[in-house]
Amino acid sequence: MQNEASNVLNQFRQGSPEVVEAAFETLFRQHQRSVYGWILRIVRNPAAAEDLTVEAFWRIHRARARFEPSHGFEGWARRIATRAALDWLRARHVESELTTEMLAEVAAPSGADPAVTAEIRLKTALAFGRLPPKLRITATLAVIEGEPQKDVAAALGISVAAVKVRVFRALRLLRKDLEREGITP
Amino acid sequence: MNAHDEERMKEVLRQALPPLEGDDGPGRDLWPAMLRRMDAESGATQSHGWAWFDGALLAAMVGFGVFFPAAIPVLLFYL
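Residues numbered from 1 in each chain as written. Chains lettered and ligands numbered in written order. Predicted model: local features only at pLDDT ≥ 70, side-chain atom pairs only at ≥ 80, totals over all residues. Heavy atoms only, no water.

Novice: In this structure, what is going on with the overall build of chain A? I would like to understand it.
Specialist: When its secondary structure is counted, chain A shows 10 helices and zero strands. Reading the secondary structure of chain A in the N-to-C direction produces α-α-α-α-α-α-α-α-α-α. Taking all 185 residues of chain A together, the buried fraction comes to 46%. Of the contacts made within chain A by residues no fewer than 6 positions apart, 62% connect residues no fewer than 24 positions apart. Counting only carbon and sulfur atoms, one obtains 51% of the accessible surface of chain A, whose full area is about 9,400 Å². (Helix = DSSP H or I, 4+ residues; strand = E, 2+ residues; numbered from the N terminus. Buried < 20%, exposed > 50% of the residue type's maximum accessible area, 1.4 Å probe, protein only. Contact = heavy atoms within 4.5 Å. Areas by Shrake-Rupley, 256 points an atom, 1.4 Å probe, with all protein chains shown as cover.)

Novice: Would you explain the overall build of chain B in this entry?
Specialist: What chain B contains, in helices and strands, is four helices and zero strands. The 79 residues of chain B split such that 23% are buried.

Novice: What is the right way to read a nonpolar patch on the surface from this model?
Specialist: All names here are of chain B. On the surface, Leu58, Val62, Phe64, Val66, Phe67, Phe68 and Leu75 cluster together to form a nonpolar patch covering roughly 740 Å² of accessible area. It is helix 3 (residues 52-67) that contributes the most residues to the nonpolar patch, five residues altogether. Here Phe64 lies in helix 3. Among the residues examined, Phe64 registers a relative accessible area of 38% and is labelled partly exposed. (Patch = residues over 30% accessible without salt bridge, like charges linked within 9 Å, V, L, I, M, F, W, Y side chains within 5 Å. Salt bridge = Lys/Arg side-chain N within 4 Å of Asp/Glu carboxyl O.)

Novice: Just to check I follow, could you spell out the interface of chain A and chain B for this structure?
Specialist: A common way to state how big an interface is: give the accessible area lost once the parts meet. On the side of chain B, 29 residues touch chain A, which itself brings 42 residues to the contact. Here chain A and chain B share an interface that buries about 3,600 Å² over both sides, 69% of which is from carbon and sulfur atoms. Applying the counting criterion to the chain A and chain B interface returns four salt bridges. Between Arg28 of chain B and Glu50 of chain A there is a salt bridge; the shortest N-O distance is 2.7 Å. Where chain A touches chain B, the interface holds 10 residue pairs in polar contact (both at pLDDT 80 or more). When residues of the side of chain A that touches chain B are assigned to their parent elements, the largest contribution, 10 residues, is made by helix 2 (residues 17-43) of chain A. Broken down by class, the residue content of the side of chain A that touches chain B amounts to 24 nonpolar, four polar and 14 charged. (Buried area = accessible area lost by both parts, 1.4 Å probe. Polar contact = N/O pair within 3.5 Å; in protein donor to acceptor, adjacent residues only side chain to side chain. Nonpolar A, V, L, I, M, F, W, Y, C, P; charged D, E, K, R; others polar.)

Novice: What am I meant to see in the pattern of salt bridges here?
Specialist: If the charged atoms of two oppositely charged side chains come close together, the side chains can form a pair. The full count for this structure, using the stated rule, is 19 salt bridges over all chains. For Glu181 of chain A, the salt bridge identified is with Arg130 of chain A, shortest N-O distance 3.1 Å. Of this pair, Glu181 of chain A sits in the segment after helix 10 (160-180) while Arg130 of chain A sits in the loop between helix 7 (118-129) and helix 8 (133-144), and the two are 51 residues apart along the sequence. For Arg130 of chain A, a relative accessible area of 33% gives the class partly exposed. Taking the shortest distance from any N to any O, the salt bridge between Glu7 of chain B and Lys10 of chain B comes out at 3.6 Å. On the criterion of helical spacing, the pair formed by Glu7 of chain B and Lys10 of chain B is a turn pair, its members being three residues apart in helix 1 (residues 3-16). With relative accessibility at 17%, the residue Lys10 of chain B sits in the buried group. The network of salt bridges with common partners includes Glu55, Arg59, Asp87 and Arg90 of chain A together with Arg37 of chain B.

Novice: For this particular structure, what's the right way to read the nonpolar core?
Specialist: Soluble globular proteins: nonpolar side chains tend toward being buried together. Counting 67 residues, the largest nonpolar core has Phe12, Ile39, Val43 and Phe73 of chain A together with Met34 of chain B as its most contacted members. Here this core takes 12 residues from helix 2 of chain A, the largest share from any one element. Here Met34 of chain B is in contact with Phe24, Phe28, Val54, Phe57 and Trp58 of chain A, once residues within four sequence places are set aside. (Core = buried A, V, L, I, M, F, W, Y, C linked by side-chain atoms within 4.5 Å.)

Novice: Is there a simple way to think about the packing of helix 7 of chain A against helix 1 of chain B in this case?
Specialist: In a packed pair of helices, the relevant descriptors are the angle between the two axes and the axis-to-axis distance. Closest axis-to-axis distance for the helix 7 of chain A/helix 1 of chain B pair is 8 Å, and the angle between their directions is 95 degrees. Relative to helix 1 of chain B, the element helix 7 of chain A is oriented roughly perpendicular. Along the contact surface, helix 7 of chain A presents Ile120, Arg121, Thr124, Ala125 and Phe128 of chain A, while helix 1 of chain B presents Val12, Leu13, Gln15 and Ala16 of chain B. (Axes fitted to C-alpha atoms, helices over the stretch in contact; angles between N-to-C directions. Parallel < 35°, antiparallel > 145°, perpendicular 65-115°, else oblique.)

Novice: It is not clear to me how the side chain of Thr53 of chain A should be interpreted in this structure. Could you clarify?
Specialist: Relative to the helices and strands, Thr53 of chain A resides in helix 3 (residues 46-62). Exposure remark for Thr53 of chain A: the relative accessible area of 0% places this residue in the buried category. Polar side-chain contacts of Thr53 of chain A include one of 2.6 Å to the backbone oxygen of Ala49 of chain A. Thr53 of chain A has contacts with Gln32, Val35, Tyr36 and Ile39 of chain A together with Leu30 of chain B, leaving out every residue within four places of it along the chain.

Novice: Would you take a moment to explain the packing of aromatic side chains for this structure?
Specialist: Within a pair of aromatic rings, the relevant descriptors are the distance that separates the centres and the angle that separates the planes. On inspection of all chains with the given rule, the structure shows 12 aromatic pairs over all chains. Geometrically, the ring pair formed by Phe12 of chain A and Phe24 of chain A is stacked, given 5.9 Å between the ring centres and 15 degrees between the ring planes. In this pair, Phe12 of chain A sits in helix 1 (residues 2-13) while Phe24 of chain A sits in helix 2, placing the two residues 12 residues apart along the sequence. According to the relative accessible area criterion, Phe12 of chain A is buried, its value standing at 0%. A network of ring pairs unites the aromatic residues Phe12, Phe24, Phe28, Phe57, Phe67, Phe73 and Trp76 of chain A together with Trp31 of chain B as a single cluster. Of note, Arg78 of chain A hangs over the ring of Trp38 of chain A, and the distance from its end group to the ring centre comes to 3.9 Å. (Phe/Tyr/Trp six-rings, centres within 6.5 Å; stacked < 30°, edge-to-face > 60°. Lys NZ or Arg CZ within 6 Å of the ring centre and 35° of its normal.)

If you want it as structure tokens, here you go:
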């Protein structure tokens, strides 16, 4: 089984065009679910996550010459998927997409602090959407989704220390933004 | 911002944007969309490649330059 997976990775990197296409389809079918899930956590939009999954795999296909089979496919694919999601975040203004109606549909999580009212949740979400995409993507993965910092660092291609700095900056900017709106969390 | 404030902001953020639950995959098989994307890109690449008439036009220009070298400065003037 291990050998078979290794063969597919080697064929994907350097095979005849037909062999590469067959290996690519195998890898796509094996990993589309996990890549989609990772992207969905970042963009929180199922339709966009589907498009970005295709985009990420297209980038993977184009960059296959740089793929190192010994390092595994999952981490490499996740890194490319993260870059595709970041580009998407940069190209869009999330604050204009988050409407009051959309956010009102998001009920408070179970065990929520009653002091955090619906208004605070709404303003926090809107302020979060105004953060620079690099900070937003880091805070989304590390704080909201609770991914281990080393996984976030690997996906973003930065150090764990840089992840900590970005999270701190994101939270500080968020707090300042909320304070300007008259909210002290 | 001290450590307490940082933890408080994390908590508020998690309540405003709760983590996505479950491990649902895409709502459809994405392979057909992948194939369409690859076809579209390869078509675009081909259309950016050299067509036969590009080569013919270049050959005609080179031939014109060889047989009528005096016309080259005139052509360059009008370019």
